[in-house]
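Listed below are the residues making up each chain.
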Amino acid sequence: MAHEAPQYVAARVQRALAEGENTHELGIRVDVRGDQLFLRGKVSTEERRTRLAGVAGEAAPELKVRNEITVVEIRDPGEEESL
Amino acid sequence: MKARIAAVGDIHLGEDVRGKFRERLAGIEERADVLLLAGDLTRHGTVEEGKVVADELRDLPIPVVAVLGNHDYHSDAQDTITALLNDAGVTVLDDASTVLVCHGERLGIVGGKGFGGGFAGKCASEFGEPETKEFVRHTKDIAERWRIALKELQADHRVVLAHYSPVKDTLEGEPKEIYPFLGSYLLAEAVDAEGADLILHGHAHLGTEKGMTPGGIRVRNVALPVLGRAYGVYSLNGH
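Residues numbered from 1 in each chain as written. Chains lettered and ligands numbered in written order. Predicted model: local features only at pLDDT ≥ 70, side-chain atom pairs only at ≥ 80, totals over all residues. Heavy atoms only, no water.

## Quick word on the sheet that holds strand β3 (residues 64-71) of chain A
Residues and elements named next belong to chain A.
- If you walk across this open sheet you meet the 3 strands as β1-β2-β3, and the pairing is mixed. Of all the strands in the sheet, just β1 (29-33) and β3 have a single pairing partner and so form its edges. Averaged over all neighbouring strand pairs, the angle between strand axes comes to 15°, with direction disregarded.
- Across the sheet, helix α2 (residues 46-59) lies against β2 (36-43) and β3, angled at about 155° from β3, the strand it touches most. (Pairing = 2+ DSSP bridges. Helix = DSSP H or I, 4+ residues; strand = E, 2+ residues; numbered from the N terminus. Axes fitted to C-alpha atoms, helices over the stretch in contact; angles between N-to-C directions. Contact = heavy atoms within 4.5 Å.)

Here you go:
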């Protein structure tokens, strides 16, 4: 496992986020650089953001998780578009 | 008169966010005549999440029409979720149509989740292993049902509500490698054949809001992360 290619580690983490019972998050980008694992994307709550980092950390315990996922701020509907 | 359509998709509700979506809908009756939901109403497609969605939408002052998305199918509870939504007064379209009356004009909505396969020239074909053929046939069957529903639709305004995307334009921002899982041109081809005023879809969280079909029909990706606002409002002017 020590020499597992970073691409496979990233794929394994992405699969864990997509298929995990408590996550099912398909839109998260996962990148491995050296001993760091970067997570990027958007979610709706802080709790979901934290949960994703937890699942990613379990899937790749040897890496330092850099949680760059942002929580989407939902604005007012704003102006209508006339079609 | 114009029909004002509020639309959003990929709201991914669950017990942890109960009450928050409803808060964002306050005053919607002043902005729009109908609310359309473009699928992925839940995260895991469980009955419990379906109940949260139903509770958030119950007794809204304007009609609500929805389609389900891939997440809503994940726990094989799509029929129960549909029934829960129906009980809450939400019309759920599964490759079918409904007609509402807005300001004396008929607003026809054809809806279904759609499916993937990719876009013209770079798509899967109904060829080879049974699994591949089944995948492509699923999209073809859906497109055909939409075409028939549109052909039969009698309305002044025509809107198609989907989860998967009919065009590439509104996927801009997503990795190109996953386009075949985000939509299919077969959906756009069917709508272009029969005509519509607007196509709404979700599914592509990293995509862009605005696009159009090869036939010039406006397409809007209303996935919540794309909109960044509670819902989009699109007004269709009378012909």
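## Regarding the packing of aromatic side chains
Residues and elements named next belong to chain B.
- Applying the stated rule across the entire model yields 3 aromatic pairs over all chains.
- Both rings, one in F115 and one in F135, keep their centres 4.8 Å apart while their planes meet at 50°; by these two values the pair is tilted. Of the two residues, F115 sits in the loop between β6 (105-112) and β7 (118-119) while F135 sits in helix α6 (residues 130-152), which places them 20 residues apart along the sequence.
- Look at F115 and you get buried, because its relative accessible area is 17%.
- With a centroid separation of 5.6 Å and 65° between ring planes, the pair formed by F115 and Y164 is classed as edge-to-face. A residue pair is termed long-range when its members are at least 10 positions apart, and F115 in the loop between β6 and β7 and Y164 in the loop between β9 (157-162) and α7 (179-182) qualify at 49 residues. An identical accessibility class is assigned to F115 and Y164; each is buried.
- An aromatic cluster of three or more residues is present, and its members are F115, F135 and Y164. (Phe/Tyr/Trp six-rings, centres within 6.5 Å; stacked < 30°, edge-to-face > 60°. Buried < 20%, exposed > 50% of the residue type's maximum accessible area, 1.4 Å probe, protein only.)

## A word on empty space enclosed by the protein
- This structure, assessed with the given rule, holds 3 cavities of 30 Å³ or more.
- For the largest cavity, the lining is made up of 15 residues, of which V43 and S44 of chain A together with D10, H12 and P225 of chain B are closest to its centre.
- Those elements that provide at least two residues to the lining of the largest cavity are β2 of chain A together with α9 (224-227) of chain B.
- Here the residues of the lining of the largest cavity sort into 6 nonpolar, 3 polar and 6 charged. (1 Å grid on protein atoms, 1.4 Å probe; cavity = no way out; pocket = protein on both sides within 12 Å on 5 of 7 lines; lining within 4 Å. Points joined across faces, edges and corners; volume = space filled by probe spheres on them. Nonpolar A, V, L, I, M, F, W, Y, C, P; charged D, E, K, R; others polar.)

## Observations concerning the environment of V65 of chain B
Residue and element names in this part refer to chain B.
- Inspection of the secondary structure puts V65 in strand β3 (residues 64-67).
- By relative accessible area, V65 is classed as buried at 1%.
- Between the C-alpha atoms of V65 and L35, which are 30 residues apart in sequence, the distance is 6.4 Å.
- The contact partners of V65, leaving out residues within four places of it in the chain, are V34, L35, L36, L37, T91, L93, T98, L100, I109 and L161.

## Here we look at the side chain of R4 of chain B
- When you line up the elements, R4 of chain B lands in strand β1 (residues 3-8).
- Looking at R4 of chain B, its side chain comes within polar contact range of the main-chain oxygen of E30 of chain B, at 3.0 Å. (Polar contact = N/O pair within 3.5 Å; in protein donor to acceptor, adjacent residues only side chain to side chain.)

## Thoughts on the packing of α6 of chain B against helix α8 (residues 185-194) of chain B
All names here are of chain B.
- Running from amino to carboxyl end, α6 crosses α8 at an angle of 15°, the nearest separation of the two axes being 9 Å. Here α6 lies roughly parallel to α8, going by the angle between them. You can see that α6 and α8 cross each other, and the crossing is right-handed. The residues of α8 that touch α6, namely those facing T139, K140, I142, A143, W146, R147, L150 and K151, are L186, L187, A190, V191, A193 and E194.
- In terms of residue class, the contact of α6 with α8 is built from 9 nonpolar, 1 polar and 4 charged. (Parallel < 35°, antiparallel > 145°, perpendicular 65-115°, else oblique. Left-handed = near helix turned anticlockwise from the far one by under 90°.)

## Brief notes about the layout of surface pockets
- In this structure, the largest pocket spans a volume of roughly 1100 Å³.
- If you trace the largest pocket, you find 32 residues lining it, with Q14, A18, L26 and G27 of chain A together with I178 of chain B closest to the centre.
- Those elements that place two or more of their residues in the lining of the largest pocket are α1 (6-19) and β1 of chain A together with α4 (70-73) and α7 of chain B.
- With 5 residues, α1 of chain A is the largest single contributor of residues to the lining of the largest pocket.
- Across the lining of the largest pocket, the residue classes tally to 14 nonpolar, 9 polar and 9 charged.
- Of the pockets and cavities examined, the second largest pocket occupies roughly 260 Å³.
- Lining the second largest pocket are 16 residues, with S44, V72 and I74 of chain A together with K20 and R24 of chain B sitting closest to its centre.
- Within the lining of the second largest pocket, the residues separate by chemical class into 8 nonpolar, 3 polar and 5 charged.

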